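Next come the chains, spelled out residue by residue.
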2 protein chains.
Amino acid sequence: MLSKPHTEFDRQWQVIARGAVDLLPEDEFRAKLQQSLKDNKPLRVKQGFDPTSPDIHLGHAVGIRKLKQFQDLGHKIVLIVGDYTALVGDPSGQSATRPMLSYDKIMENAETYQKQFFRILDRSKTEICSNGDWFKKMDFREIMHLATTFTVARVLERDDFSIRMKNGVPISLHELFYPLMQGYDSVAIRADIEIGATEQKFNLLAGRVIQQAYGQPPQAILTLPILVGLDGEKKMSKSLGNYIGITDDPRDMFGKVMSIPDRLIYDYFLLTTEVALERLEDIKQQLSQPDINPMLLQKELGETLVDMYHHAGDGTTARDEFERVFSQKKLPDDIEELTKDRAVQLGLNADKLFLPNLLAKTGMCASSSEARSLIQSGSVYIVAETQHISFDEPVKDVKFEFPWPSVTTIIKVGKRR
Amino acid sequence: MLSKPHTEFDRQWQVIARGAVDLLPEDEFRAKLQQSLKDNKPLRVKQGFDPTSPDIHLGHAVGIRKLKQFQDLGHKIVLIVGDYTALVGDPSGQSATRPMLSYDKIMENAETYQKQFFRILDRSKTEICSNGDWFKKMDFREIMHLATTFTVARVLERDDFSIRMKNGVPISLHELFYPLMQGYDSVAIRADIEIGATEQKFNLLAGRVIQQAYGQPPQAILTLPILVGLDGEKKMSKSLGNYIGITDDPRDMFGKVMSIPDRLIYDYFLLTTEVALERLEDIKQQLSQPDINPMLLQKELGETLVDMYHHAGDGTTARDEFERVFSQKKLPDDIEELTKDRAVQLGLNADKLFLPNLLAKTGMCASSSEARSLIQSGSVYIVAETQHISFDEPVKDVKFEFPWPSVTTIIKVGKRR
C-alpha cells in the first residue's frame, strides 16, 4: 500500500519518483527540491529532443509526461529542440554511426515537434529553445575549450562506445561530441534537473561534468525506462514501425494499444498515462491474478490514451468501434448495405446476381468492364460470414453469378472499396 | 660514391631526398615531381610551425632548410603559422596534455617566427599564412564535418596516443583534433607535398585522408630526422635549453656547436647545413677513421653555421676568438689592459696596488666606495693565469693590496666588467 505523503516535499517526491529508474545523486536531487520549496523558486527541469523523425510517439511522451508532472508541481520546464545535436546524431544505444541528417529535414521535423509537445505540456509555462541558438555562435576556440572538459578515456567508457571499440565497429570522431553538446545545453539553460531515458544516463551525467567545468552547480538527473514497442521486444521507434504516434487517430491508437503483449500493460499504464498511483497499484494487483483476462485492462488503457491525446469521450467511441469490428468480428460501419428492394430498383436480377453488373450498378466500379478487369486481377472478394464459418476468397470468374444469399454477404473490391 | 644525376628529375630527386627519412608514398611523390617538371608548374610544398616559443632554433631549421632546397629547385613554399593549432597544442611525442597557450602569447611568438623564417627562405618566393585565417571562420557544423573524416580508433593508433591510453595517461578530447586541423591546413592551401619531422608522420598522413575527404588529390609527405640537442640525448627544444637559436650571436652559436658530442657532427652537417653532397660523403669518410680528431670538423661546422646565419666571414672571426679563449685558454679580447705606465699616470702606486683605488681609477667601479661594497659582496675576482695554474677566487678583504704582478693578471667585477 502507498503511504500518504505528509509534507509538500513528500508529495512532490512521490510524483517525481513515479516510474523513475535513477534519481542521481539522490541526496543532491532531494536538496535541490527542498531548496526550491523553501525559496519558492521553481526548479529548471530540462529535456532535449532531437528532431530526427517527424512524429512524437508514446516513447518520447514518457519523458514529456514526466515534465508535465514537474510542471503541475509548479516547476519550470525547459525543452531543447536539438537541431544541432541532431546534426551530429545521438550515438546512444547505437551500434553504428548514424547518417547525418540534412539541416532542412531537421528543421522541418523540429516544426512538427513543437506542435506536438503542447498536446501534453502547458505552452505558457514552458521555455522552448533550439540548441543551434548557442552552437551556431560558437567559434573554433570555444569548441576546443568545450572539448578540454572531457578525456577520451572518459567518453569511451560509455557502454555503446566501449562495445563498438571492442568489436572494432568504427566510431566517428564527431560522435564523441554528442555528450559534450548535450552537456553544454545544460550550461546554456542553467539546468537544475535533466530527465531522459536510461540509455541517456551517460549524457545526463556528462552535463554535470560540463556544468562544473563552466563554473555552474551540477544538475541532478532523472532517468526513465525505455518504452518497449508494439512488438513487445524492441524500443519503440519510428524506424522499427512499432510505435504509437501521439497524433494517431483514435481508431489507430486504440487498435495499436490492443496489439501490445499483455506483459506490457502495466508498464504502459505506468509510463504513458496519468492514472493515479492508487489505481496503478490496483492494476498491478489485478494483473498478478492467475485467472485474469487482461483484455479489459488493455481496453481501459486504450480508452485512457485516446482520451488523453484526443477529446474526452473519444476513447469510449474508439473502444465501441473496436469491439464491433474486431472483438465481435463485425465489420467497419462505413459499409453500404444493399437490400433486395434496392437491387431490383437498380435493375439487377435478385435471383441471379451477375457480379460485374452488381459492381457497376452499385457504383463499386465505374463500369462493368472495369469490374471484369478487377475480377480478372483477383481484386474482388466475396465474404460470407456466419457464426461458424468465414468465406473470404477472391472470385476469379468474370461471369460469376449467384443467387441472393441467405446470410449477410460482403463484397470487397481491392482494399478500399 | 655519388652518381652524377642524368636528368633534371634525378637532380631534383637527389636534393629532395637528402636527409629525408620517409618519402611517402614514393611512387606518388615521384609522379608529382615528374608532372610538375613536365607542366612547368611548381609543387606547393607546405610546412606548418606552431609558434609555441619565441625563437626558431636549428631543430626547426632542419625543415626550413629542406623548404629552401625546394625553393631553390623552383617550387612554391607555403608556410603555415599555426596560431590555431598552437591553441590546441600538438600532442605529437608528448606524454601528457600540454597547457593551452594564451592567444596573445602565441601571436607575439608568431611575429618573431615570421622574421626568423626569412633568414633562411626567400621572402618573395614564399607564401605565408596563419591557420587562424580559416579556422576562425569555421562554424560548428563545419567543425563537426571535419570530425567525421576520422574515426576514434584511427586517431588513437598514433603512437603517443596509444601509449598514453595504455598507460592510463589522460588524453583530452581537444587533442584528437590536432591531426585533423593540420590535415585541414593541407586542404586550405591545396598542398602537393608536406614536410615535417618523423614524429609528425601521423599528422602528415592525416592530411592525405582529409584532403581526399574534401575531394582533393592527397599530398605526398617527406619526413626528416629529429635533431638531437646539445646534450646529445634529447630532441633539441627551447624548454630543455639544449638548443642553438638561429639568432644566437656568432660567439654563442660557435661555442654551442663546439659543445655537441662528436657523434652528432655528421648529422648536424647533413641536417643543418647546405654543405655539398660530395663534401658530406667526405666528412662521413673522415669521421669513420679510427685516428681522427673530430675537433677540426666540429670547428668547420661551427664556422659554416655562423656564416649561414650571420655574414660571410663571421664564422672565421668566431672561430679565431673561440680558439683564443677556449682552445688556448686565453680570454675574450674586449679586456682593457692596464700597463704599469698607465697605472702611474692614473696616480696609482704600482708597487702596492690598493684594490678599491685600482677599481675606481680605472673606471671599473664608479667610486672606491662602490668598489668596497662590491668586494664585500664577493663580486670582485682576481684571476692569475700561467701555463700551469689558474687562480680564480673572489677577494673578500676590502683593504686588499698587492704588488705589480709578474704574470698577466685579470681583475673581474661581477660577470660583466
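Residues numbered from 1 in each chain as written. Chains lettered and ligands numbered in written order. Predicted model: local features only at pLDDT ≥ 70, side-chain atom pairs only at ≥ 80, totals over all residues. Heavy atoms only, no water.

(A) Seen up close, the overall build of chain A. On a plain count of helices and strands, chain A comes out with 19 helices and 11 strands. Burial status across chain A gives 46% buried among its 417 residues. Put simply, 69% of the contacts in chain A that link residues at least 6 apart link residues at least 24 apart. For chain A, the exposed surface amounts to about 20,500 Å²; the carbon and sulfur share of it is 50%. (Helix = DSSP H or I, 4+ residues; strand = E, 2+ residues; numbered from the N terminus. Buried < 20%, exposed > 50% of the residue type's maximum accessible area, 1.4 Å probe, protein only. Contact = heavy atoms within 4.5 Å. Areas by Shrake-Rupley, 256 points an atom, 1.4 Å probe, with all protein chains shown as cover.)

(B) Here's a closer look at the relation of the copies chain B and chain A. Rotating chain B by 179 degrees and moving it 0.1 Å along the rotation axis overlays it on chain A with an RMSD of 0.7 Å. Between the two chains, the operation in question is that of a two-fold axis. Every residue of chain B has its C-alpha some distance from the rotation axis, and the shortest such distance is that of B:Asp139, at 2.8 Å. Residue by residue, 97% of the interface of chain B is reproduced at the interface of chain A, so both copies engage with the same surface. (Least-squares fit on C-alpha atoms with pLDDT ≥ 70 in both.)

(C) Examining the pattern of salt bridges more closely. Under the defined criterion, the tally for this structure stands at 42 salt bridges over all chains. Salt bridges here are not isolated pairs; linked through shared partners, they connect A:Lys299, A:Glu303, A:Arg319 and A:Glu323. (Salt bridge = Lys/Arg side-chain N within 4 Å of Asp/Glu carboxyl O.)

(D) The arrangement of unusual backbone geometry in detail. For the peptide bond that leads from A:Leu24 to A:Pro25, omega is -25 degrees, which places it in the cis range. Summarising the element assignment, A:Pro25 is placed in the loop between strand 1 (22–24) and helix 2 (26–39). In this structure, B:Asn40 takes a positive phi of about 55 degrees despite not being glycine. The topology assignment puts B:Asn40 in the loop between helix 2 (26–39) and strand 2 (44–49). Classification of B:Asn40 as exposed rests on a relative accessible area of 70%.

(E) Main features of the nonpolar core. Ranked by size, the top nonpolar core spans 72 residues in total, and within it A:Phe135, A:Leu173, A:Leu176, B:Phe135, B:Leu173 and B:Leu176 carry the most contacts. Every residue in contact with A:Leu176, bar those within four places of it in the chain, is listed here: A:Val155, A:Leu156, A:Phe161, A:Ile171, B:Val152, B:Leu173 and B:Leu176. (Core = buried A, V, L, I, M, F, W, Y, C linked by side-chain atoms within 4.5 Å.)

(F) Quick look at the sheet that holds strand 4 (residues 126–130) of chain B. All names here are of chain B. Reading across from one edge, 1-6-5-2-3-4 is the order of the six strands in this open sheet, with mixed pairing throughout. Both outer strands of the open sheet, strand 1 (22–24) and strand 4, are each paired with one neighbouring strand and no more. Adjacent strand axes in the sheet meet at a mean angle of 20 degrees when their direction is disregarded. Of the pairings in the sheet, the one linking strand 5 (residues 193–197) to strand 6 (residues 220–224) comprises five bridges and is parallel in character. Residue pairing across strands places glycine 196 opposite threonine 223, the latter belonging to strand 6. Its contacts with the sheet put helix 3 (residues 58–72) on strand 2, strand 3 (76–81), strand 4, strand 5 and strand 6, and the angle it makes with strand 2 is roughly 165 degrees. (Pairing = 2+ DSSP bridges. Axes fitted to C-alpha atoms, helices over the stretch in contact; angles between N-to-C directions.)

(G) Quick peek at the interface of chain B and chain A. Contacts between chain B and chain A engage 29 residues on the former and 28 residues on the latter. When chain B packs against chain A, the two sides together hide about 2,700 Å² of surface, and 82% of this comes from carbon and sulfur. For the pair chain B and chain A, the number of links is zero salt bridges. For the interface between chain B and chain A, the tally reads four residue pairs in polar contact (both at pLDDT 80 or more). Those elements giving two or more residues to the side of chain B that touches chain A turn out to be helix 4 (83–88), helix 7 (140–147), helix 8 (152–156) and helix 10 (177–189) of chain B. (Buried area = accessible area lost by both parts, 1.4 Å probe. Polar contact = N/O pair within 3.5 Å; in protein donor to acceptor, adjacent residues only side chain to side chain.)

(H) Seen up close, the packing of aromatic side chains. In this structure the tally under the stated criterion is 25 aromatic pairs over all chains. The interplanar angle of 50 degrees and the centroid separation of 4.8 Å between the aromatic rings of A:Phe135 and B:Phe140 together place this pair among those described as tilted. In this pair, A:Phe135 sits in helix 6 (residues 132–135) while B:Phe140 sits in helix 7, so the two residues belong to two different chains. Taking relative accessible area as the criterion, A:Phe135 reaches 0% and is therefore assigned buried. Residue class for B:Phe140 comes out buried when judged on its relative accessible area of 1%. Ring centres 5.8 Å apart and planes at 50 degrees place the aromatic pair B:Phe135 and B:Tyr184 in the tilted group. Residue B:Phe135 is found in helix 6 (residues 132–135), and its partner B:Tyr184 is found in helix 10; the two are separated by 49 residues along the sequence. Of the two residues examined, B:Phe135 and B:Tyr184, each falls in the buried class. Each residue in the set A:Tyr84, A:Tyr103, A:Phe135, A:Tyr184, A:Tyr214 and B:Phe140 is aromatic and connected to the rest through ring pairs, giving one cluster. Cation over ring: A:Arg154 sits above A:Phe150, and NZ or CZ is 5.5 Å from the ring centre. Seen from the ring of B:Trp13, B:Arg30 lies directly overhead, with NZ or CZ sitting 4.4 Å from the centre. (Phe/Tyr/Trp six-rings, centres within 6.5 Å; stacked < 30°, edge-to-face > 60°. Lys NZ or Arg CZ within 6 Å of the ring centre and 35° of its normal.)

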